[in-house]
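Take a look at the letters that make up each chain.
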Amino acid sequence: MSWLITKYALTAAIVVIVSELAKRSDRLGALIAALPLVTVLALIWLHVEKQPPQKITAHAWYTFWYVLPTLPMFLVFPALFSRLGFWPTLLASALITLGCFTLLALLLRRFGIALT
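Residues numbered from 1 in each chain as written. Predicted model: local features only at pLDDT ≥ 70, side-chain atom pairs only at ≥ 80, totals over all residues. Heavy atoms only, no water.

Trainee: Give a description of the pattern of salt bridges that names residues and reports values.
Mentor: By the definition in use, this model includes 3 salt bridges. For Lys 23, the salt bridge identified is with Glu 20, shortest N-O distance 2.9 Å. Linking Lys 23 with Glu 20, this pair stays in helix H1 (residues 2–24), spanning 3 residues, or about one helical turn. When its relative accessible area of 29% is taken as the criterion, Glu 20 is described as partly exposed. (Salt bridge = Lys/Arg side-chain N within 4 Å of Asp/Glu carboxyl O. Helix = DSSP H or I, 4+ residues; strand = E, 2+ residues; numbered from the N terminus. Buried < 20%, exposed > 50% of the residue type's maximum accessible area, 1.4 Å probe, protein only.)

Dropping the structure here:
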């Protein structure tokens, strides 16, 4: 149980640090947020917990594909925010991401890559 609490604390600390950095510097906060810190932590946790190499590499493989449909959100959000406000923009961005994910999953299925 203490291991689980340690994992939660370290992972949460990263999120808090990024949000605090973003308050002080837009660019630095965005740079740190863009780093795959959570993925790296997940890979470390999987390794430390003696998961098989196939599990760890599959996590990295799928993370790559799941990141792609999130990228349009970072272009749409700034464009919509001043017109719609925060919450509607966040909802629209989430729906666009879901749509992009669905389209990517359908496209990749043609190449034998199953995301769902």
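Additional details are given in the paragraphs that follow.
Trainee: Residues and numbers for the packing of helix H3 (residues 37–48) against helix H4 (residues 53–67), please.
Mentor: Helices that pack against each other are described as a pair by the angle of their axes relative to one another and the distance between those axes. Contact pair H3 / H4: the axes reach a minimum separation of 9 Å and the direction vectors enclose 165°. Our classification of the angle between H3 and H4 gives roughly antiparallel. By crossing handedness, the relation of H3 to H4 is classed as right-handed. Where H3 approaches H4, its residues Thr 39, Ala 42, Leu 43, Leu 46 and His 47 are matched on the opposing element by Ile 56, His 59, Ala 60 and Thr 63. Considered class by class, the residues forming the contact of H3 with H4 number 5 nonpolar, 4 polar and no charged. (Axes fitted to C-alpha atoms, helices over the stretch in contact; angles between N-to-C directions. Parallel < 35°, antiparallel > 145°, perpendicular 65-115°, else oblique. Left-handed = near helix turned anticlockwise from the far one by under 90°. Contact = heavy atoms within 4.5 Å. Nonpolar A, V, L, I, M, F, W, Y, C, P; charged D, E, K, R; others polar.)

Trainee: Before we move on, could you go through the environment of Thr 97 and cite the residues and values that matter?
Mentor: Mapped onto the elements, Thr 97 comes out in helix H6 (residues 86–109). Looking at Thr 97, the relative accessible area reads 16%, which means it is buried. Linking Thr 97 and Phe 74, residues 23 residues apart in sequence, is a C-alpha distance of 9.8 Å. Setting aside residues no more than four positions away along its own chain, Thr 97 makes contact with Pro 69, Thr 70 and Met 73.

Trainee: Give a description of helix H5 (residues 71–84) that names residues and reports values.
Mentor: End to end, H5 covers 20 Å across 14 residues, agreeing with the expected 20 Å (1.5 Å per residue, within 8%). The largest bend in H5 is about 35°, located at Phe 77, with the proline Pro 78 one to four residues further on. In the segment just after H5, Gly 85 is the residue with positive phi, at about 90°. (Expected span 1.5 Å × (residues − 1). Bend = angle between axes of the 7 residues up to and from the residue.)

Trainee: I'd love a proper account of the confidence of the model for the chain, names of residues and values included.
Mentor: Residues with a pLDDT of 70 or more make up 100% of the chain, whose mean pLDDT is 93. Within the chain, helix H2 (residues 26–34) has the poorest average pLDDT of any element, 88, and H6 the best, 97. (pLDDT = per-residue confidence, 0-100.)

Trainee: So what's going on with the packing of H1 against H2? Residues and values would help.
Mentor: One can describe the packing of H1 onto H2 by two numbers: an axis separation of 6 Å at closest approach and a directional angle of 155°. Here H1 is positioned roughly antiparallel relative to H2, judged by the angle of their axes. Contacts from Val 18, Leu 21, Ala 22 and Arg 24 of H1 reach H2 at Asp 26, Leu 28, Gly 29, Ile 32 and Ala 33. Partitioned by chemical class, the residues of the contact of H1 with H2 number 6 nonpolar, 1 polar and 2 charged.

Trainee: I'd love a proper account of the packing of aromatic side chains, names of residues and values included.
Mentor: Tallied over the entire structure, the rule returns 9 aromatic pairs. Relative to Trp 45, the ring of Trp 3 lies with its centre 5.2 Å away and its plane at 85°, an arrangement referred to as edge-to-face. In this pair, Trp 3 sits in helix H1 while Trp 45 sits in helix H3, placing the two residues 42 residues apart along the sequence. The exposure class assigned to Trp 3 is partly exposed, which follows from its relative accessible area of 35%. Residues Phe 77 and Phe 86 carry aromatic rings whose centres are separated by 6.0 Å and whose planes lie at 75° to one another, so their mutual orientation is edge-to-face. The exposure class of Phe 86 is partly exposed, given its relative accessible area of 37%. Three or more aromatic residues joined by ring pairs form one cluster here, namely Phe 77, Phe 81, Phe 86 and Trp 87. (Phe/Tyr/Trp six-rings, centres within 6.5 Å; stacked < 30°, edge-to-face > 60°.)

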